[in-house]
Each structure stands twice: as C-alpha cells, then as structure tokens.
Amino acid sequence: MTTTIPAPVTPPTPDLVAFLAEYWGVKVTTASDIPAAQCEWCAEVDAITTVRVIGDPPDDSTAWAARDCCRACTEPVLAAAHAEQREGSRHPIRLELAA
Ligand SMILES: [Zn+2]
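These figures come from a predicted structure and were not determined experimentally. (Residues numbered from 1 in each chain as written. Predicted model: local features only at pLDDT ≥ 70, side-chain atom pairs only at ≥ 80, totals over all residues.)

Caption draft 1: Looking closely at the overall build of the chain. When its secondary structure is counted, the chain shows 2 helices and 4 strands. For the chain, the sequential pattern of α-helices and β-strands runs α-β-β-β-α-β. Relative to the 2.2 N^0.38 estimate, which gives 13 Å for 99 residues, the radius of gyration of the chain is 18 Å and therefore markedly larger than a compact globule would have. Each principal axis of the C-alpha atoms in the chain carries an extent, and together these give about 75 × 35 × 20 Å. Each of the 99 residues in the chain was classed as buried or not, and the buried ones make up 19%. Of the contacts formed within the chain by residues at least 6 apart in sequence, a portion of 55% connects residues at least 24 apart. (Helix = DSSP H or I, 4+ residues; strand = E, 2+ residues; numbered from the N terminus. Rg over C-alpha atoms; globule rule 2.2 N^0.38 Å. Buried ≥ 20, exposed ≤ 12 C-beta atoms within 10 Å, placed from the backbone. Contact = placed C-beta atoms within 7 Å.)

Caption draft 2: Here's a closer look at the environment of Pro57. On the secondary structure map, Pro57 appears in the loop between strand S2 (51-54) and strand S3 (66-69). What makes Pro57 partly exposed here is the crowd of 17 C-beta atoms within 10 Å.

Caption draft 3: Representation of the environment of Ala65. Along the polypeptide, Ala65 turns up in the loop between S2 and S3. Using a count of 14 C-beta atoms within 10 Å as the deciding quantity, one classes Ala65 as partly exposed. Ignoring any residue separated from it by four or fewer positions in sequence, one finds Ala65 in contact with Ile54, Gly55, Asp56 and Pro57.

Caption draft 4: The arrangement of unusual backbone geometry in detail. Of note in this structure, Ala43 is not a glycine but carries a positive phi near 60°. As for its placement among the helices and strands, Ala43 is situated in the loop between strand S1 (26-31) and S2. The phi angle at Asp46 is positive, at roughly 70°, despite the residue not being glycine.

Caption draft 5: Fine view of the sheet that holds S1. Sheet architecture is open: 4 strands sit in the order S1-S4-S2-S3, paired in mixed fashion. Of all the strands in the sheet, just S1 and S3 have a single pairing partner and so form its edges. Neighbour-to-neighbour, the strand axes of this sheet turn through a mean angle of 20°, independent of strand direction. Relative to strand S4 (residues 93-98), S2 runs antiparallel, the two sharing 4 bridges. Paired with Val51 across the bridge in S4 is Leu97. In the packing of helix H1 (residues 16-24) onto the sheet, contacts are made with S1 and S4, and the angle to S1 comes to roughly 140°. (Pairing = 2+ DSSP bridges. Axes fitted to C-alpha atoms, helices over the stretch in contact; angles between N-to-C directions.)

These values are about where atoms sit, not about what they do.
Below, the structure is given as structure tokens:
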C-alpha cells in the first residue's frame, strides 16, 4: 500500500500594494531620491532607510509630514502617519519605495 503525500501548497502572495491601497488608503510609488541612511525610527544596526512615508498632518501640529525609514518600520510609520493625518485630508498617505 502506498500513501500519497499531497504536494505542498504555495501560499498565495498577497498583493501588498493593492492591500495598502484598499484597506489603508495608501498610495504606493517608487522614488529614486531616498537617501540610504540609518533608520532613526528603530535605530537598529544595519537598518537602512529604503522607504518614505508622506502624510498630511494638520498645520498646527508638530507631527512630521514625511519620514524615511527602513522596510521593517514601514507598518508602524504608516500607522503613525494615519494617527496624525489631517481630518478629512484630500491627500492620501503616500508610501515611496526606493527604486
Ligand atoms: Zn527602522
């Protein structure tokens, strides 16, 4: 008697860009002007900035409008941008990826 072992199923690769656009209202683009520098969000060794998050905070707040971070920090930085986003802003939060 032989036993058939099912082939491993490759998990579907989520379409991150579509996910971000649909559920977070984030516009994802690429950019060539993101300097490779130490990520100041996590300050981890070898965490190099490859991502830029651009939000639209109220003018009277001290929140940052744009911040560069490493890929690992993308989610918390996006969450911070959402938290500070101007009420009723017509500018979507943008996520730029170093090209
Ligand atoms: Zn980081």
